Amino acid sequence: MKQKPSLVEKSALARSGYKLKYAPEEKIGVIVVNNFPALGRLAALRFIEWTQHNPGGVISLPTGKTPQHFIQHVSRYLNGWNEKATRKELESEGIDPSLKPDMKSLHFVQIDEFYPIDPSQHNSFHYYVEKYYIENFNLDPAKAMLIDCTKIGLPPGGTLQEIWPGGVVDLSLRHRHPVSYEESVRKQVLQEVDQWCFEYGEKIRTLGGIGFFLGGIGPDGHIAFNVLGSDHHSTTRLTETNYETQAASASDLGGIEVARKRLAITIGLGTIAYNPDCTAIIIAAGEAKAPMIYNAVHQKSHIRYPATVLHKLPNARFYITQGAACMLPERQYADMVDMEKDALPEALKRRILIDLSLQIKKPLADISASDMKNSRFANLLLKKTGSTPQKLTGQLFKHIDETIEAGCQTRSNTVFLHTAPHHDDIMLGYFPYVVRAIRDASNTHHFTYLTSGFNAVTNSYALSMISNLKKFLNRREFEVLYDENYFSADYTQGWNRDVWQYLDGVAADSAFMKQEGEARRTYRMLADIFEEEEKDNLEHRINELINYFKTQYAGKKDPPYIQLLKGMIREWEADCLWGYLGFDSDSIHHLRLGFYKGEIFTEDPTINRDVPPILKLLKQVNPDVVTVALDPEASGPDTHYKVMQAVSEALKLYEKETGRSDIRILGYRNVWYRFHPAEADLYIPVSLNMFAVLQNAFLNAFVSQKDASFPSYEFDGPFSGLAQQIQVEQYQTLKTCMGRQYFNDHLRPLIRGTRGFVYLKELSLKEFYTHTRELRETTE
């Protein structure tokens, strides 16, 4: 049945200024919005519109962080339906406010679920669906098809833990003979799970298929848990996942160690696309999603790109932000065509020529007129500027040379305030720059961490630290410390001595000395948290903590005192890092901003709660340079973006109170998202020696991250390895543009020895405020 054209989409398209589809290059309709909240609003309006016209329809909605604004807007519309402002807003988007959707009539289909997992766990998708959709949208539970792993295939009285000890499922039992009674039971359970999946898919088909599907897109392009390589006719099934999906799921499950063991029950691509009239919408926000969006929209239908299954659905759409659309060439070209000659940003000109150099693998000096004319963007650049290829490439060569030269320079007599959302962000973002700035003794450095970062500490790691402390409680080394009141709250120098003891162990390559330093700090943490310094009393607390960490499921939200402990573990690691370079606790500041609470939908910073601690520190430090993680919204951890907004507000107040308008901002990015070289204006050279320092310091200081429990989907290992990989890639980019001889024959030994680059962006306060204001407007 052909659906009526969507008035909601018509309105959104008009605002975007783009066509729905630039055929034949684009294979599916795309609607671009300005920002992440607008993305949720558009999806919510289209959902409301669809439910109005399809009472009794079948809906399937996503889990995770991406639907945050979708959920908020749908709830706002439904709960405020009779309010004048709501009705006016709906009407302005083409929705009839006199017809409230009959939510109770809808059938809900859960898209996927980890297996095995108890549905009562707060990190299960079953729990998410019940809380945010069934209850929040007032759906009928009797019409909800949910995936409850405790009710699938288990023998009477059996539990998931009994059948699958440690959560490990052996799929080889599908195809081999069991060798024990336990394996025979597991084989039967697997068969029952597979039968349940078949019946689940059949029920969906009996209902006519999914009428409204809303989903996100994963780092490998997956839709639901249909990972790269999935058959486009795939059905509902129990399946393994790949590394990229496991890395993306690690934060949900409490670490990659758990995610590697988990399987998934997912509806198949064939299930999603079964109903030819399905309104299937994929939502994606942020520049980090741009490569996946390009493949899903531009590539021909292929199992390498799961989302291309949607090409055959006439009502399928991609709703994406400007950032996620940044690699869609037809739209970027349309934007450039509309630009006036004098309005072409310098960064855009540089991006076009750098991308051309990389595409054809030629240095800038070797790019010919025919090379540029064969490139649609470069040819348009020639026409817009009226310049010559030689002049344009020559200007860019000179600019890159000057930017490398600027990166070789160091400041003197400068007060630096280095800020970071998380405790390893500075190190992973621009450690080589920090090290070189520290070498000039006229500079002053302060390092501040704005959140507790407790989400990055696993229960197993916290348990190892508490267990290590228990071993030292009654040792002679600690008896001496008790006698000198080493752990007294009044003895503030103890915070530094913990670090020195640990670093002595690093230098001596002594595991025992490092363990003692760690145990000292763990004792101090517990004494501070529980306001109890006596060993005997703390011993009871230690036993309680050991029991807690042994019995809690991975990924469960911790109570505040456990969050505080895990946050202090991260703070200890940052103290050790800067202790490496000679800084003590007077130079390291842990602000623990209140918006960071470990919720799935993170709060926004507030002026009254989160800005004053930063303002107080600014007054204390009086910096000349402030470094900031300059990640765009919805690219990498959302915490980065929110911390940047809080720092911006604090700087505005500081400037107003002191008149200091000369502060310079150094924006950095790290493993979650990178600058294009056209965006940066400082290229910091990195040598092989610096890579060795980076690896050694990271693995000895950030021990909780050594096993990479919450890794990037791009790299299976500790973040220091990914940081090095990124910096090497950035060097290779500049080497392609400048030519090998530029580096081999350079007058500076520093450049001849360069094998990596860090990109930084320098801004005035006014420029920084403009940047953050533009991003903040995207959230209002």
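In this report, the structure presented in the accompanying data block is examined. (Residues numbered from 1 in each chain as written. Predicted model: local features only at pLDDT ≥ 70, side-chain atom pairs only at ≥ 80, totals over all residues. Heavy atoms only, no water.)

### Topic: the sheet that holds strand E6 (residues 212-215)
In space, the 7 strands of this open sheet follow the order E1-E10-E9-E6-E2-E3-E5, with parallel pairing throughout. With one partner strand each, in any of the chains shown, strand E1 (29-33) and strand E5 (144-145) form the two edges of the open sheet. Both E1 and strand E10 (residues 317-321) contribute to a ladder of 5 bridges, which runs parallel. Note on E10: the bridge partner recorded for isoleucine 31 is tyrosine 319. Here helix H2 (residues 36-53) sits on the sheet and contacts E1, strand E2 (58-60), E6, strand E9 (279-284) and E10; the angle it forms with E10, its principal contact strand, is near 150°. (Pairing = 2+ DSSP bridges. Helix = DSSP H or I, 4+ residues; strand = E, 2+ residues; numbered from the N terminus. Contact = heavy atoms within 4.5 Å. Axes fitted to C-alpha atoms, helices over the stretch in contact; angles between N-to-C directions.)

### Some words on unusual backbone geometry
The step from alanine 23 to proline 24 runs through a cis peptide bond, and the omega angle for that step is 5°. The topology assignment puts proline 24 in the loop between helix H1 (7-16) and E1. Cis geometry marks the peptide bond from tyrosine 115 to proline 116, where omega comes out at -5°. Looking at the secondary structure, you find proline 116 in the loop between strand E4 (112-115) and helix H5 (125-135). With a phi angle near 50°, arginine 592 is a residue other than glycine that sits in the positive phi range. Relative to the helices and strands, arginine 592 is located in the loop between strand E13 (588-590) and helix H24 (607-621). Of the residues examined, arginine 592 reaches a relative accessible area of 34% and is grouped as partly exposed. (Buried < 20%, exposed > 50% of the residue type's maximum accessible area, 1.4 Å probe, protein only.)

### Observations regarding the packing of helix H23 (residues 560-580) against helix H26 (residues 688-701)
Packing of H23 against H26 brings their axes to within 9 Å, and their N-to-C directions diverge by 145°. Along this stretch, H23 crosses H26, giving a crossing that reads as right-handed. Counted together, Glu573, Cys576, Leu577 and Tyr580 of H23 and Asn696, Ala697, Asn700 and Ala701 of H26 form the full contact between these two elements. By residue class, the composition of the contact of H23 with H26 is 5 nonpolar, 2 polar and 1 charged. (Left-handed = near helix turned anticlockwise from the far one by under 90°. Nonpolar A, V, L, I, M, F, W, Y, C, P; charged D, E, K, R; others polar.)

### Looking at the layout of surface pockets
If you add up the space inside the second largest pocket, you get close to 370 Å³. Lining of the second largest pocket is provided by 18 residues; of these, Gln121, Gln161, Gly166, Gly167 and Arg262 occupy positions nearest its centre. Residues belonging to the lining of the second largest pocket are distributed by class as follows: 8 nonpolar, 6 polar and 4 charged. (1 Å grid on protein atoms, 1.4 Å probe; cavity = no way out; pocket = protein on both sides within 12 Å on 5 of 7 lines; lining within 4 Å. Points joined across faces, edges and corners; volume = space filled by probe spheres on them.)

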